Amino acid sequence: MSDRRPRLLRRGAQDHLRGGAAALLLLAVLLRAWDFGNPVIHVDEQYYLLVGDRMLHGAVPYVDIWDRKPIGLFLLFAAIRLLPGDGVLAYQLAACAAAAVTAIVVRQAARTLGARDVGAVAAGAAYLIGLSLLGGRGGQAPVFYNLLIALGGWWMLRLPRLAERHRTGAIVASGLATCLLAGVAIQMKYTPGFEGAFFGCAHLWALRRAGARWRVTVPAALLWMLAGAGPTIAAIGWYAAHGAYAAWRFANVDSIGLRAGYPAGELAMRLLGIGAQLAPLMIGAGLAWRWRPRAGAGAGAARLALLWLAAALAGFFAIGTFFDHYALPLLAPLAVAAAPALGRAPRLLVATLGLMLTLFAVERAFMPADGPNARAVAAVVKANSGGGCPYVFIGDTATYLLADACLPTGYAFPNLLAYTTERGATGIDEGAEVRRILATRPPVIVTSTRVLSIWNPASLFAVKAALARDYRLVFARPRAGWRTLVYLRRDRPYRAPRP
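The shown structure was predicted, so the numbers you read here are calculated from the model rather than taken from an experiment. (Residues numbered from 1 in each chain as written. Predicted model: local features only at pLDDT ≥ 70, side-chain atom pairs only at ≥ 80, totals over all residues. Heavy atoms only, no water.)

Q: Can you help me understand the overall build of the chain in this one?
A: Scanning the chain from N- to C-terminus turns up 20 helices and four strands. Computed over C-alpha atoms, the radius of gyration of the chain comes to 25 Å, within 12% of the 23 Å expected from 2.2 N^0.38 for 499 residues, which places it in the range of a compact globule. Considered along the principal axes of its C-alpha atoms, the chain spans approximately 85 × 50 × 45 Å. Among the 499 residues that make up the chain, the fraction classed as buried is 53%. Contacts in the chain between residues far apart in sequence, at least 24 positions, make up 76% of those at least 6 positions apart. As presented, the chain carries roughly 21,700 Å² of accessible surface, and 64% of it is formed by carbon and sulfur atoms. Of the charged side chains in the chain, 52 are positive and 25 negative, and the gap between their average positions amounts to 9 Å. (Helix = DSSP H or I, 4+ residues; strand = E, 2+ residues; numbered from the N terminus. Rg over C-alpha atoms; globule rule 2.2 N^0.38 Å. Buried < 20%, exposed > 50% of the residue type's maximum accessible area, 1.4 Å probe, protein only. Contact = heavy atoms within 4.5 Å. Areas by Shrake-Rupley, 256 points an atom, 1.4 Å probe, with all protein chains shown as cover. Lys, Arg positive; Asp, Glu negative; His and termini not counted. Charge placed at Lys NZ, Arg CZ, Asp CG, Glu CD.)

Put into structure tokens, the structure is as follows:
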């Protein structure tokens, strides 16, 4: 009987863990299934998929097709593009799986922090809802790399206990794995470098607390630094070996500092909106810190959780543009930090999840269904492009992918050539590049009725002049709060797309 009872307890605990994981997986699907198959969830992930697709046809990022994101993100989307279909559903299913697994890791990290299971599951649920609220409904970069950082954060929270037990070997192994995960994440976006650096420092602290001597600590630190920098060194090495280091450096380093800023009032409003959506979790994190253990491994884990959140905040503020999806990396450390309070205060749990779900429902109720219209636009572009390359001046880069179209420029992300925020930051004369594209006489030009204050005047003037002189409007469809317009060159007959 004495042997049987522990086995039953372990089995019950395992069933409980599986039940919580299944609930988080189901929630991820329910929250994200609305968008499965929608090719225009967000402009960024449209472009990631397009770049990944063109890489499979020989295009080299920063040389043949330009963007600032690290190469690892494009490699990920290229791998996804190998799956059946046009790539849209495939990347969304991959993102859903990544989100669900990250929520499960958040739950486990919260339990390591001492949260009750109900609070840990609630933290995982809050993570998933927060993704949808902050522009992570599809495949934004943090939806994928948050999994790597959350794993590293979970392992880091075990350090005080490992240090108490003087388990130096386990700390060295944990540091190696954590820094390698952060290094891979850095090659999806550079801001995880803040969290990766903190993870390395936390492991150094734990190693010294465990009693390791310098002859162990110094080689371990060097090994961790190499693991964290390794993926980036590999990327630089590949481009240098192929004579394209200058292209890599300009896209990944130099151009970032050349972008123009946004008005202070606009930045303040964005920051206010993000703060309002994260407020319930911030309150939970504050209460959890107030109620934290005051001694022992639990106190150490609480401090590490707070410092992890601080490192994520440093990455968020380092960019400084405060688009909502830039706050996605805050969700995992914030949910973990809030989990002990969510498990201890049922009213806080209900209020947090209730408010977040209400915001989600309101957003869904007013969200236009743009997917069918985007596919209709792509069908018209495909039917009328013939052997030429259409030009999406302002609109969805998914049009190129869905229309099986060639690209008229390596700067295919519309903002690069159309917005003043990019003027002088791409390494070319943006207006001259637009005039070069128009000189090739694209069979189709896609633009919109969108009204903006940040148009690149040289680019906009050139497109308007070409449209008035050589093109006629043949198709229009609603897109968000404006309309997508398809113009056909006047010397070409309009061809209706096949049903």
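Text resumes after the structure shown.
Q: Help me out: how do you make sense of the layout of surface pockets in this one?
A: Summary: where empty space remains is shown by rolling a probe the size of a single water molecule over the atoms. Considering only enclosed or pocket space, the second largest pocket measures out at about 340 Å³ in volume. Residue lining of the second largest pocket: 23 residues in total, with Leu113, Ala288, Arg292, Pro293 and Pro340 positioned closest to the centre. If you list the elements that add at least two residues to the lining of the second largest pocket, you get helix H12 (264-290), helix H13 (296-319) and helix H14 (331-344). The class makeup of the residues in the lining of the second largest pocket is 16 nonpolar, three polar and four charged. (1 Å grid on protein atoms, 1.4 Å probe; cavity = no way out; pocket = protein on both sides within 12 Å on 5 of 7 lines; lining within 4 Å. Points joined across faces, edges and corners; volume = space filled by probe spheres on them. Nonpolar A, V, L, I, M, F, W, Y, C, P; charged D, E, K, R; others polar.)

Q: I'm lost on the pairing of strand E2 (residues 444-448) in this one. Help?
A: Looking along a regular strand, one sees the side chains alternate between the two faces of the sheet. Burial analysis of E2 places five of its five residues in the buried class, which makes it a mostly covered element. The alternating pattern of E2 places Val444, Val446 and Ser448 on one face and Ile445 and Thr447 on the opposite face, and all of these are buried. Where strand E1 (residues 391-392) meets E2, two bridges bridge the pair, whose relative direction is parallel. By the bridge assignment for E2, Tyr391 is matched with Ile445. (Pairing = 2+ DSSP bridges.)

Q: I tried to follow the nonpolar core on my own but got confused; where do I start?
A: Nonpolar side chains tend toward joint burial in soluble globular proteins. In terms of nonpolar packing, the biggest core is built from 160 residues, with Leu128, Met156 and Tyr391 touching the most fellow members. Per element, the largest residue contribution to this core is 13 residues, and it comes from helix H4 (residues 88-112). Residues within four places of Met156 in sequence aside, it is in contact with Phe198, Phe199, Ala202, His203, Leu304 and Trp308. (Core = buried A, V, L, I, M, F, W, Y, C linked by side-chain atoms within 4.5 Å.)

Q: Is there a simple way to think about the sheet that holds E1 in this case?
A: Hydrogen bonds between backbone groups are what pair the strands of a sheet, and the pairing can be parallel or antiparallel. Pairing is mixed across the open sheet formed by four strands, whose spatial order is E1-E2-E4-E3. For this open sheet the edge positions go to E1 and strand E3 (471-479), each flanked by a neighbour on one side alone. Here helix H16 (residues 371-385) sits on the sheet and contacts E2, E3 and strand E4 (482-489); the angle it forms with E3, its principal contact strand, is near 160°. (Axes fitted to C-alpha atoms, helices over the stretch in contact; angles between N-to-C directions.)

Q: How should I be thinking about the side chain of Thr178 in this particular structure?
A: Position of Thr178 relative to the elements: it lies in helix H8 (residues 168-186). Note on Thr178: relative accessible area 0%, which makes it buried. Ignoring anything within four residues of it in the chain, the contact list for Thr178 reads Gly152, Trp155, Phe199 and His203.

Q: How do you make sense of the packing of helix H6 (residues 141-156) against helix H9 (residues 192-209) when you look at a structure like this?
A: The geometry of a pair of packed helices is captured by two quantities: the angle between their axes and the separation between those axes. In the contact formed by H6 and H9, the axes pass within 10 Å of each other and the chain directions differ by 20°. In terms of orientation, H6 lies roughly parallel with respect to H9. For the element pair H6 and H9, the recorded crossing hand is left-handed. Residue-level contacts link Tyr145, Ile149, Gly152, Gly153 and Met156 of H6 to Pro192, Glu195, Phe198, Phe199, Ala202 and His203 of H9. Across the contact of H6 with H9, the residue classes break down as seven nonpolar, three polar and one charged. (Parallel < 35°, antiparallel > 145°, perpendicular 65-115°, else oblique. Left-handed = near helix turned anticlockwise from the far one by under 90°.)

Q: How should the pattern of salt bridges be read in this particular structure?
A: If you walk through the whole model with that rule in mind, you get 18 salt bridges. Its salt-bridge partner being Asp35, residue Arg137 comes within 2.7 Å of it at the nearest N-O pair. Taken together, the residues span a long stretch of sequence, with Arg137 in the loop between helix H5 (117-133) and H6 and Asp35 in the loop between helix H1 (4-32) and helix H2 (43-55) at a distance of 102 residues. Judged on exposure class, the residue Arg137 and its partner Asp35 are both buried. When salt bridges that share partners are traced, they join Asp35, Arg137 and Arg364 into one network. (Salt bridge = Lys/Arg side-chain N within 4 Å of Asp/Glu carboxyl O.)

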